[in-house]
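Chain by chain, the residues run as shown.
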Amino acid sequence: MRSMYRPAGNENMAAANYLPSKDQFLCSICLDLFTDPVTIPCGHNFCKDCITEHWDTSDRCQCPICIKEFNTRPELHVNTLFSDMVAQFRQSAQQKASSSSEQQVFKPGEVPCDVCTETKLKALKSCLVCLTSYCETHLEPHLTKSVLKRHQLIDPVENLEDRMCPKHDKPLELFCKTDQTCVCMLCTVLDHKMHDVVPLKEGYEGKKAALGKKEARIQEMIQKRQLKIEELKHSVDLSKEDADREVAEGVQVFTALKESVERNLNEFIQTIEGKQNMRMKRAEDFIKELEQEISELKKRSSVAEHLSRSEDHLHFLQGVQSLNIQHPSLTKDWTKVSIPPSSYEGTVVRAVVQLEETLSQEVKKLIEAELKRVQKYAVDVTLDPNTANPGLILSRDGKQVRDGDVEKYLPNNRERFSDDICVLGKQSFSSGKFYFEVQVKGKTEWDLGVARRSINRKGDIPMSAEDGFWIIWLREGNEYKANDEPAVLLSLKSRPKKVGVFVDYEEGLVSFYDVDAAALIYSFTGCSFTEKLYPYFSPGGKYGRKNAAPLIISPV
């Protein structure tokens, strides 16, 4: 007998030291490591709870593996030897996991195990019931214990306490569509009574569908800003071409001069380059701002993409709430942002006219070229009868105006000039460039130019640039003046028959040209325009037949 018990002891020791593969310790019902393993008469092993529940819910008492049927339900006893082997296997597996813990040590950006007391290991799962994150070792009970198997495990997340209602200390299991927030069961009874409340999953699915549209909107916003960058870059290129052309023309003129005009050449080039640099700087600022918005939108796009892959309902809903593409920093209207076309009209001319008479031919060539450029901005101007002094006579087509000697009875509306014999154009301009021409042939008195919308129109009006008038005038048949501050007496070589008026709103420039002579009459520079500008006309008094000819707006 002693010889028989000895082998039994050796077998027990062998069983204790021998660790088969993990598959041999898995219950064929729950497919997890055995818990309280029992052996039924046919020799197969199961978790005690698993086989008991199987037989409780089955019509027959039979083995789930070999289908052997038993007439009476066998009495179940825990197989202590097999149970010890399972425990030893579990311990060995935990030791093995512990030995490789250096590869699972918690690192910045990862979720640590809440149970580890010394070296924090990386969490593999978070339990929404326990509100605890577990490493591989401490997660084992949730994989083996029947009670813990019912708990909901998710990929590890931080701040699990945020998943509890701060007011009622209950799990956030519902989503209030009325208030767009996650709530607990108690919230629906107290704070959110009569609100539209749905399960987290339903709220998640609704928001996820909306996220796709929001992400598409983000992409559209990015594309629009990228197109605006291309538009700004193109504006800079065009501006540089204009600058290069102006510099080339200026160099052609100034290099023909002697050393006495070298200073004029340098000042000219610096003026052109200064304007170009200002445009480039402005464009670079716009581009930088657009790139920053694109960067911010791409971040939001990345967040949206990440959220779209998330199956964590709460994290998804809370993340979507923070994904605000209507933030003030992203709602700027870029459709009206642009780099105004370059304006160098008059630059060369204003430098050259100060030179000696010997340069007159060069000046004429330059002005002819300039006049052709500004004429590209010609607009169709017609006279506004609602602004005309009662003594004026306007043609039916609104293109001619003359003094009629006798005042007509007209409504004294707010827009009408009451005393001064003048009239405004119907068209107004608050940006860009515009040009129009007026025939002044045969007249001894006239006023031409532009005026701002808010000018005084009643009584005797002071007509200066400070009062909102940028005009030149003829008096006594041969006295030309510009109403600058102070007024400038103009010395003209010939009497203009047709006057061209050019305005660059952004540049603050108003220039007048003798069209037939291709000569610059005068330029107002550095003007500050802040409201609408209207073409301004005064044919002057008739004085019998002396100044009876009309002012005629001519086609360009």
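Check the entry above for the structure.
S.K.: Hey, could you go over the sheet that holds strand β19 (residues 519–524) for me, with residue numbers and the actual values?
M.R.: Read across the sheet, seven strands follow the order β9-β10-β21-β12-β17-β18-β19 without closing on themselves; strand pairing throughout is antiparallel. Edge positions in the open sheet fall to β9 (392–394) and β19, since each of these has one partner strand only. Looking at each pair of strands side by side, their axes are set apart by 20° on average, direction ignored. Set on the sheet, helix α11 (residues 360–374) makes contact with β12 (433–439), β17 (498–504), β18 (509–514) and β19; between it and β18 the angle comes to about 120°.

S.K.: An account of the pattern of salt bridges is needed here, citing residue identities and associated values.
M.R.: All told, the structure shown has 19 salt bridges when counted by the stated rule. Measuring nitrogen to oxygen at the nearest pair gives 4.0 Å for the salt bridge that ties K122 to E110. Of this pair, K122 sits in the loop between α3 (80–99) and β3 (125–127) while E110 is found in the loop between α3 and β3, placing the two residues 12 residues apart along the sequence. Across the salt bridge formed by R279 and E507, the nearest N and O atoms sit 3.5 Å from each other. Here R279, found in helix α8 (residues 262–309), pairs with E507, found in the loop between β17 and β18; they are 228 residues apart in sequence, far enough to count as distant. A relative accessible area of 27% means that E507 is categorised as partly exposed.

S.K.: Could you give an account of empty space enclosed by the protein, naming the residues involved and the relevant values?
M.R.: Applying the stated criterion across every chain, the model contains one cavity of 30 Å³ or more. Considering only enclosed or pocket space, the largest cavity measures out at about 60 Å³ in volume. Lining the largest cavity are C30, L33, T35, D36, C47, K48, D49, C50, T144, S146 and K149. Taken together, the elements giving at least two residues each to the lining of the largest cavity come down to α2 (48–56) and α5 (146–149). Top element by residues in the lining of the largest cavity is α2. It accounts for three residues.

S.K.: Can you lay out the sheet that holds β3 for me, pointing to particular residues and giving the numbers?
M.R.: If you trace the three strands from one edge of the open sheet to the other, you get β4-β3-β5, paired in antiparallel fashion. Only two strands of the sheet have a single neighbouring strand rather than two, namely β4 (132–134) and β5 (153–154). The sheet contact formed by β3 and β4 spans three bridges and is antiparallel. Each bridged residue has a counterpart across the sheet, and for K125 the counterpart in β4 is Y134. On top of the sheet, helix α4 (residues 136–144) reaches β3, β4 and β5; it is set at about 110° to β4, its chief contact.

S.K.: Before we move on, could you go through the environment of L371 and cite the residues and values that matter?
M.R.: When you line up the elements, L371 lands in helix α11. Take L371: its relative accessible area is 6%, and that puts it in the buried class. Distance from L371 to L520, taken between C-alpha atoms, is 9.0 Å for residues 149 residues apart in sequence. Sequence-distant contacts of L371, defined by excluding residues within four places in its chain, comprise Y435, Y513, V515 and A518.

S.K.: Summarise the environment of L297; cite the residues concerned and give the values.
M.R.: Mapped onto the elements, L297 comes out in helix α8. A sequence separation of 76 residues divides L297 from M221, and the C-alpha atoms of the two residues are 7.9 Å apart.

S.K.: Could you give an account of the packing of helix α7 (residues 200–254) against helix α9 (residues 313–322), naming the residues involved and the relevant values?
M.R.: It is at 9 Å that the axes of α7 and α9 come closest, and there the two elements cross at 40°. With respect to each other, α7 and α9 are oriented oblique. In terms of crossing hand, the pair formed by α7 and α9 is left-handed. Contact with α7, carried on its side by L200, K201, G203, Y204, K207, K208, L211 and K214, involves H313, F316, L317, V320 and Q321 of α9 and no other residues of that element. Each residue belonging to the contact of α7 with α9 can be placed in one class, and the counts come to six nonpolar, three polar and four charged.

Thresholds, definitions, all that
Residues numbered from 1 in each chain as written. Predicted model: local features only at pLDDT ≥ 70, side-chain atom pairs only at ≥ 80, totals over all residues. Heavy atoms only, no water. Pairing = 2+ DSSP bridges. Helix = DSSP H or I, 4+ residues; strand = E, 2+ residues; numbered from the N terminus. Axes fitted to C-alpha atoms, helices over the stretch in contact; angles between N-to-C directions. Contact = heavy atoms within 4.5 Å. Salt bridge = Lys/Arg side-chain N within 4 Å of Asp/Glu carboxyl O. Buried < 20%, exposed > 50% of the residue type's maximum accessible area, 1.4 Å probe, protein only. 1 Å grid on protein atoms, 1.4 Å probe; cavity = no way out; pocket = protein on both sides within 12 Å on 5 of 7 lines; lining within 4 Å. Points joined across faces, edges and corners; volume = space filled by probe spheres on them. Parallel < 35°, antiparallel > 145°, perpendicular 65-115°, else oblique. Left-handed = near helix turned anticlockwise from the far one by under 90°. Nonpolar A, V, L, I, M, F, W, Y, C, P; charged D, E, K, R; others polar.

Everything listed here is a matter of geometry and, on its own, says nothing about what the molecule does.
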